[in-house]
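Per-entry structural report
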Amino acid sequence: MNLERIPNEEKLQLCRRYYLGGFAFLPFLWLVNVMWFFKEAFLKPAYTEQPQLKSYVKKSAMGLLLWVAVLTTWITIFQHFRARWGEVGDYLSFTIPLGTA
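First things first, this report covers the structure right here in the doc. Along every chain, residues carry numbers that run from 1 in the direction the sequence is written. Whole-chain, interface and lining totals are the exception, using all residues; otherwise, since this is a predicted model, local features are given only for residues with pLDDT of at least 70 and side-chain atom pairs are given and counted only at 80 or more. Side-chain numbers come from the whole structure's heavy atoms, not from hydrogens or water.

Section: helix H1 (residues 8–21)
A run of H or I in DSSP becomes a helix once it reaches four residues, and a run of E becomes a strand once it reaches two; helices and strands are each numbered from the N terminus. Multiplying 1.5 Å by the residue count of a helix minus one yields the expected span of that helix. Between its terminal C-alpha atoms H1 stretches 20 Å, which fits the 20 Å expected from 14 residues at 1.5 Å a residue. For every residue, the accessible area obtained with a 1.4 Å probe (protein chains only) is divided by the maximum for its type, and the residue is called buried under 20%, exposed over 50%, and partly exposed between those limits. All of the buried residues in H1 are Lys-11, Leu-12, Leu-14, Cys-15, Tyr-19 and Gly-21.

Take a look at the structure:
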């Protein structure tokens, strides 16, 4: 998508949709939001919708970082303690690895 061809009002609406979509457990939308709109929000000359766009981009970045931190923590804990959790760890596993190493 070429953001140069879209009016500023539509950019703001699109950025807002991606920001709100991230709350539906879709943090990838926040990543896309930050990647697409960073230049528009912080590097382009000022325009009317830019403060709101900056806000959505900043909030998307914070939400993305929070998701990455939570997911990394969960993956680390799960891989470290899965064998100790016994049957519960097996139920949480998509594939059950052989052994406990």
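Now that the structure is up, let's keep going.
Focus: the nonpolar core
Nine residue types can take part in a nonpolar core, namely buried Ala, Val, Leu, Ile, Met, Phe, Trp, Tyr and Cys, and a core is a set of them joined through side-chain atoms within 4.5 Å. Ranked by internal contacts, the top residues of the largest apolar core, which has 14 residues, are Cys-15, Phe-37, Leu-53, Tyr-56 and Val-57. Secondary-structure elements contributing two or more residues to this core are H1, helix H2 (27–42) and helix H3 (50–81). Contact partners of Cys-15, with chain neighbours within four places excluded, come to Asn-33, Phe-37, Leu-53, Tyr-56 and Val-57. A contact between two residues is defined here by any heavy atoms of the two lying within 4.5 Å.

Notes on the pattern of salt bridges
Throughout this description, the term salt bridge denotes a Lys or Arg side-chain nitrogen within 4 Å of a carboxyl oxygen of Asp or Glu. A full pass over the atoms with the stated rule returns four salt bridges. A single salt-bridge network, built from bridges that share partners, covers Glu-4, Lys-11, Glu-40 and Lys-44.

Points about the side chain of Ser-60
Residue placement: Ser-60 occurs in helix H3. Taking the relative accessible area as the measure of exposure, Ser-60 reaches 0% and is therefore buried. Identification of polar contacts relies on pairs of N or O atoms within 3.5 Å, with a donor-acceptor requirement for protein atoms, meaning one able to donate a hydrogen and the other able to accept it, and with residues adjacent in sequence counted only if both atoms are side-chain atoms. Within the structure, Ser-60 has its side chain in polar contact with the backbone oxygen of Tyr-56 (distance 2.8 Å). When near neighbours in sequence (up to four residues on either side) are disregarded, Ser-60 contacts Tyr-19, Trp-30, Asn-33 and Val-34.

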